[in-house]
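Residues per chain, in single letters:
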Amino acid sequence: MTFRRMVIQMFKANLRRYLLFFLCSSFTIMVFFAFYSLYTNPDFNDPYQVNGMVSGNLYAPFLVMRVFAVLFIVYAQMAFLKFRKSDFGLLMVLGMTSHNIRKIILLENSLIALASILTGLGAGTVFSGLFFFIISLFVNIGGSSFSLTLESYLYTIKFFGIIYIAVIGIQLILTLRYNIVRLLKESRTAERSLLHGKITGIIGVVLLGISVYDMITHYSPDDARMMLINLGVSMVGVYLLLSGLGDWMKLFISRSSRAYHKHLMFSSDLNYTLGRSKIVLSLITFLIFITISLSGIIFYITWDAENIPVKNNPYDIAYAEVFGKNSLPSETLSEITDHGATPLISHQTLEYIDLFNFKVFLDQNINTLIGSDYHVEKEHFLNLALVARGEEWKNQRPEMPSFEMKLSSGNHTLYSQGLIFKMLFNPVPNLMNGLHVIVNEEDYMVLKAENKKAIGNLQLLNFKDWKKTVNIDAKLNAALAKYNKDNTESWYGNERHEALVFSTKSRISDYLQLQESGRFGIFVISFVGLIFFGASGIVLHFSIQTDLERERIKFRKLNKIGITSKDVARIIGGPLKVLFFLPYALGIALSSFYVVSSSRVEMFTALEPMWFCLLVGGAYLLLQVLIYRIYTKIYTRNMLAHIELLDVPTTNNTRCKFNSNYDNINK
């Protein structure tokens, strides 16, 4: 038989294995391409067409998708190679050299990689359009249109090409250690692990504690690098915890001689299962942890969409008029506010000086507006950070120690009197492009005298029911845009950008944006969650199948000493419960701790998003219970048939008869 003929025959014999690996790879590439095409869609990322809160919700899921693609492809490749090792050993017995084995590995994996990329891109091209259409049903995408760019194809090919080249290269290097005996015994020997023991488990717990403590003390939503480092530390902690968990469980069981002898088989299997499957369990824990964390946060934000706008906007509608911009006539404003769906309750004005990089307020005006008693001493100022109560940690600007007042007579230095964290007024767009300071009357009047054209006024409007101000806010924004276009010069040369900068800041707009963003986020994270759930099932299947031959040998030997089908079902169910449910328990616990620690608010408020994590985790667990029962039943049935404890008739009748012992399993 020629080498080519042998390769073809091997391909036919292992078609199911090839097909499963090929389909997993192609599906991963298809989903990745769909996400990347949307992530780089210029219309979808245009803030004038799609709400930035909506497009921003794609960053975290796509980042996780990239990590998932790397881990999943690498593990699938390694699992596929492990399937083939015994075949390679047999081929070497027949006279094939290591060089021939490397040629087979290179040929097989290269063809699968090439076919997966081409198929994934082809399916992704079709699926991307469907993905975009479904998203358009959930959120308002304005005039955005579906488009595919050459960059999407090239980046996907480059990303997965690097992964496949790296994995195949590692596999070829590992063939240098191949020998006939080791390959033939591969499916019957336990994996050796350098990391094991009770100390390893303790180190894992310590690393998890450090990561949670770091989240509590140093978490910043804008620091993606630190977040990734923290996640990396957590995953290493999970891996080490799983590496030592078997020894700790064995120690716990052995404390009672009665329990030890009763659960001797389970203890042995558990220790082996945890040692062999810690990479798989760590990968599944990571997928579940990320999915539940993102789901809990998004569900909570959507559920709390009514409170967040109120907390971040003290007034129902606010806008700033300065440098002639937004100087809407009082008659026009009254026409809009007096004929809305809800009556106007109050209209207040707050004067300030716009020095571009600094917005200067008078302490007496602030006190009149909110009823405070701030008093700024001469030659001093107060730093003002517009932050909602309980969210002071979100302020990323340090206290400014001094403030230079540029006067015609020379610069005059003011020194900081402290820092105020308070949402005094709505964060209007053209007011947020600088630092906010509060000064006393004497310094304020000096600045005002020399910057008469920079005097601005914040218009602060409150209505009886802010939820009914949709049309009022829309008409007011339209009137402001028209006034600025007809009566002032354009600052940016772009009407849409001009309208965005000098728009209102209202509760109702934030509320609608949060609802729209929440719908999109729920759809995306649900989609990603289903993918991760399916991927975790495939990873588990790979892990169980790689150890199938060892399990068959074990049960054949146990059958010779009189094991019953009921005993087989019980022995099989123990390790499978660990594989199916341990990563889910760890993922739910980690996500709950992370969400609470990253909230940094009062404990009652922090517990609310945690409940959503627990609800999502509970839903996952219920689904996993169903999958576990189905999979365990099929696996047990096949194992019993293999060791001839289950009678499989040879007639055309497809129904199988269980022996009397197996009938007791469901009792």
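As shown above, the structure is provided for reference.
This one's a predicted model, so the numbers in the text were calculated from it and none came from an experiment.

Pairing is mixed across the open sheet formed by nine strands, whose spatial order is S5-S6-S4-S7-S3-S2-S8-S1-S9. A single partner strand is all that each edge strand has here, and the edge strands are strand S5 (402-407) and strand S9 (505-506). Pairing of strand S2 (residues 344-354) with strand S3 (residues 358-362) involves two bridges; the strand directions are antiparallel. Residue pairing across strands places Asp354 opposite Lys359, the latter belonging to S3. Each of S2, S3, strand S4 (380-385), S5, strand S6 (410-421), strand S7 (435-439) and strand S8 (455-463) touches helix H15 (residues 441-450); the most contacted strand, S5, lies at about 40° to it. Against the sheet, helix H16 (residues 470-487) engages strand S1 (317-321), S8 and S9, with an angle of about 10° to S1.

We now examine the pattern of salt bridges. A full pass over the atoms with the stated rule returns nine salt bridges. For Lys378, the salt bridge is made with Glu442, and the minimal N-O distance between the two is 3.3 Å. On the criterion of sequence distance, the pair formed by Lys378 in the loop between helix H14 (363-370) and S4 and Glu442 in helix H15 is long-range, its members being 64 residues apart. For Glu442, a relative accessible area of 45% gives the class partly exposed. Between Lys485 and Glu495 there is a salt bridge whose closest N-O contact spans 3.4 Å. Residue Lys485 is found in helix H16, and its partner Glu495 is found in helix H17 (residues 495-501); the two are separated by ten residues along the sequence.

Now for unusual backbone geometry. Located in the positive-phi region is Phe323, a residue other than glycine, with phi close to 55°. Inspection of the secondary structure puts Phe323 in the loop between S1 and helix H13 (330-337). Look at Phe323 and you get partly exposed, because its relative accessible area is 27%.

Our next topic: the pairing of S8. Counting buried residues in S8 gives nine out of nine residues, a clear majority hidden from the surface. Side-chain alternation along S8 places Ile455, Asn457, Gln459, Leu461 and Phe463 on one buried face and Gly456, Leu458, Leu460 and Asn462 on a second face that is also buried. Of the strand pairs in this sheet, S1 and S8 are connected by five bridges, and their pairing is antiparallel. In the strand pairing of S8, Ile317 is matched with Leu461. The pairing of S2 with S8 spans nine bridges and is classified as antiparallel. Each residue of the ladder has a partner; that of Tyr352, found in S8, is Gly456.

The next subject is the environment of Pro401. Along the chain, the position of Pro401 falls in the loop between S4 and S5. Considering only alpha carbons, one finds Pro401 and Ser416, 15 residues apart in sequence, at a separation of 5.1 Å. In contact with Pro401, not counting residues within four places along its chain, are Phe381, Leu414, Tyr415 and Ser416.

What follows covers a nonpolar patch on the surface. Taken together, Ile199, Ile202, Ile203, Val206, Ile210, Trp248 and Leu251 make up a surface patch of nonpolar side chains, about 630 Å² in accessible area. Elements supplying a minimum of two residues to the nonpolar patch: helix H8 (198-218) and helix H9 (224-254). If you tally residues by element for the nonpolar patch, the top one is H8, at five residues. Tracing the sequence through the fold places Val206 in helix H8.

The next subject is the packing of aromatic side chains. All told, the structure shown has 41 aromatic pairs when counted by the stated rule. A centroid spacing of 5.3 Å and a plane angle of 80° characterise the contact between Phe159 and Phe160, whose relative ring orientation is edge-to-face. Residues Phe159 and Phe160 agree in their burial class; the two are buried. Ring centres of Phe323 and Phe356 lie 5.2 Å apart, and the angle between their planes is 10°; this geometry places the pair in the stacked category. One end of the pair, Phe323, is in the loop between S1 and H13; the other, Phe356, is in the loop between S2 and S3, with 33 residues separating them in the sequence. A network of ring pairs unites the aromatic residues Phe32, Tyr36, Tyr39, Phe62, Tyr155, Phe159 and Phe160 as a single cluster.

Criteria and thresholds
- Residues numbered from 1 in each chain as written.
- Predicted model: local features only at pLDDT ≥ 70, side-chain atom pairs only at ≥ 80, totals over all residues.
- Heavy atoms only, no water.
- Pairing = 2+ DSSP bridges.
- Helix = DSSP H or I, 4+ residues; strand = E, 2+ residues; numbered from the N terminus.
- Contact = heavy atoms within 4.5 Å.
- Axes fitted to C-alpha atoms, helices over the stretch in contact; angles between N-to-C directions.
- Salt bridge = Lys/Arg side-chain N within 4 Å of Asp/Glu carboxyl O.
- Buried < 20%, exposed > 50% of the residue type's maximum accessible area, 1.4 Å probe, protein only.
- Patch = residues over 30% accessible without salt bridge, like charges linked within 9 Å, V, L, I, M, F, W, Y side chains within 5 Å.
- Areas by Shrake-Rupley, 256 points an atom, 1.4 Å probe, with all protein chains shown as cover.
- Phe/Tyr/Trp six-rings, centres within 6.5 Å; stacked < 30°, edge-to-face > 60°.

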